[in-house]
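Residues per chain are reported as follows:
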Amino acid sequence: MPALVAKGIELLGVAQVETGLLAHPFAQARFQGALLRRIERLVPTPPAVAVVEEKFPDLAKAIEERKDDPERLLAQGAPPRVIEYLNSTWQGMRDELAAWGKELTKRAVELESAIGELSAQRDLWAASRAEAAASQAPPELLKRIDATVDSVKQVQEKLAERRKQTLVLQSR
């Protein structure tokens, strides 16, 4: 039975897979559009990362202002409850920074993955463009492929900028 199925697929022309996207360029263009829309959703900053961007400067300032407090309070002979309070405050800041770090790492990984996916798509469309030009495809098809490549490049550039912003924030 499997041989019959394979033969049937072969008769339908499915066994011969063509390289590139020329087998069904218009269907592939629609697929590419859906892929780009899905990936473009990563361009806006997610709420969790926006919180980090908004609150980080204030937290960094608070840490800078308080970094000498433990030594100063110990030198002044502060009571244990003051030291405990200070310790819990520092622990809260550490916990918040750790959570932010996880969010930023998650965001950077998402962006990197999407950029890689788009790179693969650009390579595939470039190969398809070369194949289409070699086979003297209609100019309309070549223009459509070029427009798709440009769209992929634009989204990729936006994501690369977001990744850069995320990594800068993460390194602070």
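Analysis parameters
- Residues numbered from 1 in each chain as written.
- Predicted model: local features only at pLDDT ≥ 70, side-chain atom pairs only at ≥ 80, totals over all residues.
- Heavy atoms only, no water.
- Helix = DSSP H or I, 4+ residues; strand = E, 2+ residues; numbered from the N terminus.
- Buried < 20%, exposed > 50% of the residue type's maximum accessible area, 1.4 Å probe, protein only.
- Contact = heavy atoms within 4.5 Å.
- Areas by Shrake-Rupley, 256 points an atom, 1.4 Å probe, with all protein chains shown as cover.
- Salt bridge = Lys/Arg side-chain N within 4 Å of Asp/Glu carboxyl O.
- Axes fitted to C-alpha atoms, helices over the stretch in contact; angles between N-to-C directions.
- Parallel < 35°, antiparallel > 145°, perpendicular 65-115°, else oblique.
- Left-handed = near helix turned anticlockwise from the far one by under 90°.
- Nonpolar A, V, L, I, M, F, W, Y, C, P; charged D, E, K, R; others polar.
- Expected span 1.5 Å × (residues − 1).
- pLDDT = per-residue confidence, 0-100.
- Lys, Arg positive; Asp, Glu negative; His and termini not counted.
- Polar contact = N/O pair within 3.5 Å; in protein donor to acceptor, adjacent residues only side chain to side chain.

*Asks:* I'd love a proper account of the overall build of the protein chain, names of residues and values included.
*Replies:* For the protein chain, the count of helices and strands is 6 helices and 0 strands. Its helices and strands in sequence order give the protein chain the pattern α-α-α-α-α-α, from N to C terminus. Looking at the protein chain as a whole, 26% of its 172 residues qualify as buried. Residue pairs at least 24 apart in sequence account for 82% of intrachain contacts in the protein chain once pairs closer than 6 positions are excluded. A total of about 11,600 Å² of accessible surface is found on the protein chain, and carbon and sulfur atoms cover 57% of it.

*Asks:* Help me get a handle on the pattern of salt bridges, residues and values and all.
*Replies:* Following the criterion strictly, the structure yields 2 salt bridges and no others. Between E112 and R163 there is a salt bridge, with the nearest N and O atoms lying 2.6 Å from each other. Note that E112 is positioned in helix α5 (residues 80-134) and R163 in helix α6 (residues 139-171), a separation of 51 residues in sequence. Residue E112 is classed as partly exposed on the basis of its relative accessible area, which comes to 41%. As a salt-bridge pair, R129 and D146 come within 2.7 Å of each other at their nearest N and O atoms.

*Asks:* Pulling in residues and values, what's your account of the packing of α5 against α6?
*Replies:* Relative orientation of the contacting elements α5 and α6 amounts to 160 degrees, with a least axis distance of 9 Å. Between α5 and α6, the angle falls in the class roughly antiparallel. For the crossing formed where α5 meets α6, the hand is left-handed. Its residues assigned to classes, the contact of α5 with α6 comprises 18 nonpolar, 8 polar and 8 charged.

*Asks:* I'd like a rundown of α6, residues and numbers included.
*Replies:* With 33 residues, α6 extends 47 Å between its outermost C-alpha atoms, agreeing within 8% with the 48 Å of an ideal straight helix rising 1.5 Å per residue. L141, L142, I145, T148, V152, V155, Q156, L159, T166 and L169 are the residues of α6 that are buried.

*Asks:* Which residues make up the confidence of the model for the protein chain, and what values go with them?
*Replies:* Chain-level pLDDT for the protein chain is 79 on average; 81% of the residues reach the 70-or-more range. The low-confidence segment residues 1-22, where pLDDT is below 50, has 18 contacts with residues more than four positions distant or belonging to other chains.

*Asks:* Explain the packing of helix α3 (residues 47-66) against α5 to me, using residue names and the numbers behind them.
*Replies:* How two helices sit against one another is set out by the angle between their axes and by the gap between those axes. Interhelical geometry of α3 versus α5 gives an angle of 145 degrees and a closest axis separation of 11 Å. The handedness of the crossing between α3 and α5 is left-handed. Where α3 approaches α5, its residues A48, V49, V52, K55, F56, L59, I63 and R66 are matched on the opposing element by T89, W90, M93, E96, L97, W100, E103, L104 and R107. Its residues placed into classes, the contact of α3 with α5 shows 11 nonpolar, 1 polar and 5 charged.

*Asks:* Give me the lowdown on unusual backbone geometry, citing residues and values where you can.
*Replies:* Phi at Q136 is positive, roughly 55 degrees, even though this residue is not glycine. Relative to the assigned elements, Q136 resides in the loop between α5 and α6.

*Asks:* Kindly report on the side chain of R107, identifying the contributing residues and their values.
*Replies:* By the element assignment, R107 lies in helix α5. It is E110 that comes nearest to the buried, bridge-free R107 among opposite-charge side chains, at 4.5 Å.

*Asks:* Describe the side chain of T166, and please don't skip the residues or the numbers.
*Replies:* With respect to the helices, strands and loops of the structure, T166 is situated in helix α6. For T166, a relative accessible area of 5% translates into the label buried. At 2.9 Å, the side chain of T166 forms a polar contact with the backbone oxygen of R162. Those residues within four positions of T166 in sequence are excluded, and the remaining contacts are L104, R107, A108 and L111.

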